[in-house]
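Summary of the model geometry
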Amino acid sequence: MKIAVVSEQASGERRVAATPETARKFIALGAEVAVEAGAGTGASIADSDYAAAGASLGDRAATLAGAAIVLAVQPPAPESLAGVAPGAWVVAIMAPFGDGRARVAAYAAAGYEALAMDLMPRITRAQAMDVLSSQSNLAGYKAVIDAAAEYGRALPMMMTAAGTVSAARVFVMGVGVAGLQAIATARRLGAQVSATDVRSATREQILSLGAKPVFVEAVAGIEGEGSGGYAGEMSPEYQRAQAELVSAHIAKQDIVITTALIPGRAAPRLVSDAQLATMRPGSVLVDLAVEQGGNVEGAVAGEIVERHGVRIIGHRNVASRLAADSTALYSRNLYNFLSTFWDKEQGRPVLDAEIGDAVRLTRGGAVVNARLVS
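Residues numbered from 1 in each chain as written. Predicted model: local features only at pLDDT ≥ 70, side-chain atom pairs only at ≥ 80, totals over all residues. Heavy atoms only, no water.

**Some remarks on the overall build of the protein chain**
Keep this limit in mind: We count a stretch as a helix when DSSP gives it H or I for four or more residues in a row; a strand needs E for two or more, and each element gets its number in order from the N terminus. Every radius of gyration here is taken over C-alpha atoms, with the globule rule written as 2.2 Å times N^0.38, N being the number of residues. Residue contacts are defined here by distance: any two heavy atoms, one from each residue, within 4.5 Å place the two residues in contact. All tallies of charge rest on Lys and Arg as positive and Asp and Glu as negative; His and the ends of each chain are not included. Where a charge lies is defined by one atom per residue type, namely NZ (Lys), CZ (Arg), CG (Asp) and CD (Glu).
Within the protein chain, the secondary structure is distributed over twelve helices and 19 strands. Against the 2.2 N^0.38 benchmark of 21 Å for 374 residues, the protein chain shows a C-alpha radius of gyration of 22 Å, consistent with a compact globule. With the C-alpha coordinates aligned to their principal axes, the bounding extent of the protein chain is approximately 65 × 50 × 35 Å. If you take every contact in the protein chain between residues at least 6 apart in sequence, the share linking residues at least 24 apart comes to 65%. One way to put it: in the protein chain the 33 positive side-chain charges average out to a point 4 Å from where the 36 negative ones average out.

**A closer look at the sheet that holds strand 3 (residues 56-58)**
For clarity, the cut-off: Only when DSSP finds a minimum of two bridges between them are two strands counted as paired. As a rule, the C-alpha atoms of each element are fitted with a line to give its axis, helices using only the stretch in contact, and angles between N-to-C directions run from 0 to 180 degrees.
Strand order in the open sheet formed by six strands is 3-2-1-4-5-6, with parallel pairing between adjacent strands. The sheet is open, and its two edges are formed by strand 3 and strand 6 (113-116), each paired on a single side. Taking the axes of each pair of neighbouring strands and ignoring which way they run, one obtains an average angle of 20° across the sheet. With four bridges joining them, strand 5 (residues 89-92) and strand 6 adopt parallel strand pairing.

**Concerning the packing of helix 5 (residues 131-150) against helix 6 (residues 177-188)**
Under the convention used in this document: Should the near helix be turned anticlockwise from the far one by less than a right angle, the crossing is left-handed, and should it be turned clockwise, the crossing is right-handed. Each residue gets one label: Ala, Val, Leu, Ile, Met, Phe, Trp, Tyr, Cys and Pro are nonpolar, Asp, Glu, Lys and Arg are charged, and the others, such as Gly, are polar.
The contact between helix 5 and helix 6 brings their axes to 7 Å, and the two run at 35°. Of the two possible hands of crossing, helix 5 and helix 6 adopt the one that is right-handed. Across from S133, S136, N137, G140, Y141, V144 and I145 in helix 5, the residues of helix 6 making contact are V177, A178, Q181, A182, T185, A186 and R188. Grouping the amino acids of the contact of helix 5 with helix 6 by side-chain chemistry returns seven nonpolar, six polar and one charged.

**Quick word on the sheet that holds strand 12 (residues 255-258)**
With mixed pairing, the seven strands of this open sheet are ordered in space as 11-10-9-12-13-15-14. Whereas interior strands pair on both sides, the edge strands pair on one side only; in this sheet they are strand 11 (212-213) and strand 14 (304-307). Here strand 12 pairs with strand 13 (residues 284-287) via four bridges, running parallel. Counterpart to I255 in the pairing with strand 13 is V284.

**Section: unusual backbone geometry**
As a reminder, the rule being used: Per-residue accessibility, obtained with a 1.4 Å probe over protein chains only, is compared with the maximum for each type, and a residue is labelled buried under 20%, exposed over 50%, and partly exposed between these values.
With phi around 65°, S44 is a residue other than glycine that occupies positive phi space. When you line up the elements, S44 lands in the loop between strand 2 (32-36) and helix 2 (47-53). Judged by its relative accessible area of 66%, S44 falls in the exposed class. One non-glycine residue with positive phi stands out, namely A95, at about 45°. With respect to the helices, strands and loops of the structure, A95 is situated in the loop between strand 5 and helix 4 (100-110). Its relative accessible area of 42% is what places A95 among the partly exposed residues.

**Observations concerning the environment of V284**
Note on placement: V284 falls in strand 13. Between the alpha carbons of V284 and R311 there is a distance of 4.8 Å; along the sequence they are 27 residues apart. Beyond its immediate stretch of four places on either side in the chain, V284 contacts A147, E150, Y151, D254, I255, V256, V310, R311 and I313.

**So, the nonpolar core**
Just so we agree on the cut-off: Buried residues of nine kinds, namely Ala, Val, Leu, Ile, Met, Phe, Trp, Tyr and Cys, make up a nonpolar core once their side-chain atoms join them within 4.5 Å.
With 38 residues, the main nonpolar core has L71, V91 and F337 as its most contacted residues. When residues of this core are traced back to their parent elements, those giving at least two are strand 1 (2-5), helix 1 (20-29), strand 2, strand 4 (69-71), strand 5, helix 10 (323-340) and helix 11 (353-359). Sorting elements by how many residues they give to this core places helix 10 first, with six residues. Core analysis: the second largest hydrophobic core is formed by 27 residues, V172, A186, A191 and V284 among them.

**Some points on the side chain of E113**
Mapped onto the elements of the fold, E113 is located in strand 6. Once residues lying within four places of it in the same chain are set aside, the contact partners of E113 are A88, W89, V90, R360, T362 and R363.

**Details of the environment of V300**
Turning to its location among the elements, V300 is positioned in the loop between strand 13 and strand 14. Residue V300 is classed as partly exposed on the basis of its relative accessible area of 30%. In sequence terms V300 and L334 are 34 residues apart; their C-alpha atoms lie 31 Å from each other.

**Quick look at the pairing of strand 10 (residues 192-196)**
Defined as follows: We call a crossover right-handed when, viewed with the strands running away from us, the connection from the first strand over the helix to the second turns clockwise.
Of all five residues making up strand 10, four are buried, and the element is well covered by its neighbours. With five bridges connecting them, strand 9 (residues 169-173) and strand 10 associate as parallel partners. Across the sheet, the residue bridging to F171 is S194, located in strand 10. Regarding the hand of the β-α-β motif, the stretch spanning strand 9, helix 6 and strand 10 is right-handed. In this sheet, strand 11 lies alongside strand 10 in parallel orientation, the contact comprising two bridges. Paired with A195 across the bridge in strand 11 is P213.

**What about empty space enclosed by the protein?**
Threshold: Cavities and pockets are found on a 1 Å grid laid over the protein atoms alone: a cavity is a set of points where a 1.4 Å probe fits but cannot escape, a pocket is an open set with protein on both sides within 12 Å along at least five of seven lines, and a lining residue has an atom within 4 Å of such a point. Grid points are joined across faces, edges and corners, and a volume is the space filled by probe spheres set on the points.
Tallied over the full model, the rule gives one cavity of 30 Å³ or more. Around the largest cavity sit A143, D146, V286, D287, L288, I313, G314, H315 and V318, which together line it. Only helix 5 and strand 13 provide two or more residues apiece to the lining of the largest cavity.

**So, the pattern of salt bridges**
Put simply, the test is: A carboxyl oxygen of Asp or Glu within 4 Å of a side-chain nitrogen of Lys or Arg is what we treat as a salt bridge.
Per the counting criterion, the structure on display carries 17 salt bridges. Look at the salt bridges and you will find they share partners, linking E113, D357, R360 and R363 into a network.

Okay, structure coming up:
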């Protein structure tokens, strides 16, 4: 069975879906691995490293010819998969909602079985396959590094003969995987860190990292727990209470990092223009949700803008800014996924219902995922 690893065509995407390590492991399972020449360049992987691992190198047409599984990071344009036969698997971070629905329909029309790694269920046995966690972890780290680079002062407290430099105050909004790593990184850099989330269960996690939890206390009976470990949408009452709390807290912060996302929906608005105006000039705000509409009013995807003297960082595809590490983790997620279901007799992976139904978008010429057809 042939596994094809293609070069990424999306602007700014530097990751690749396999490393020499995972290519070697797929070959050990009995698969043939073909890698498009130059696919690993952005992640600092040479073609010779893939060849040394046993993979074949070629142009896109040769790579895709006869492939039973196509591995990618961003979903390949359906027209870029010429030569791939109906029934083949296309495995990537599919982003199937919103504008992605048309692409999913095109995969179905071509007869491909599209598998969305970003719909992997957050259950114990799928943790090693969870690409959102592996990539968000790096994004949370990079958000702090980007903020520190734009912030015109030091983050830790420094006591010198000339006087004391106060520690920067960092506020993290949204305590999922990215938020937790942002807290840990800011703490390691010596900042004074606080954090908030709509899920009350995150309070202990914030405390365990040495940060100060900032929570709405006046609105009872709202836990904020959504499905799969994600936050759910909050009531208007809670949103008003949270806005008041944030307004009082954010004015004292030097750096704010927002990470809040709701799967399949636009990112919730956490910071308004009026709240931005209360922050001190020279403050920095990083919006990790900018590609899904943004948590911050005025954030622009792909740009660093300034409003009221506050720099708002809206980098796209933050995980790709650490391409070597994010590639290593993503490729292992893919290997863990496919190898877990590898059937030695059939010489290919055979998915079970629990995970297969969750990640499968198309099959037999139709869109079959319950989240897309309901």
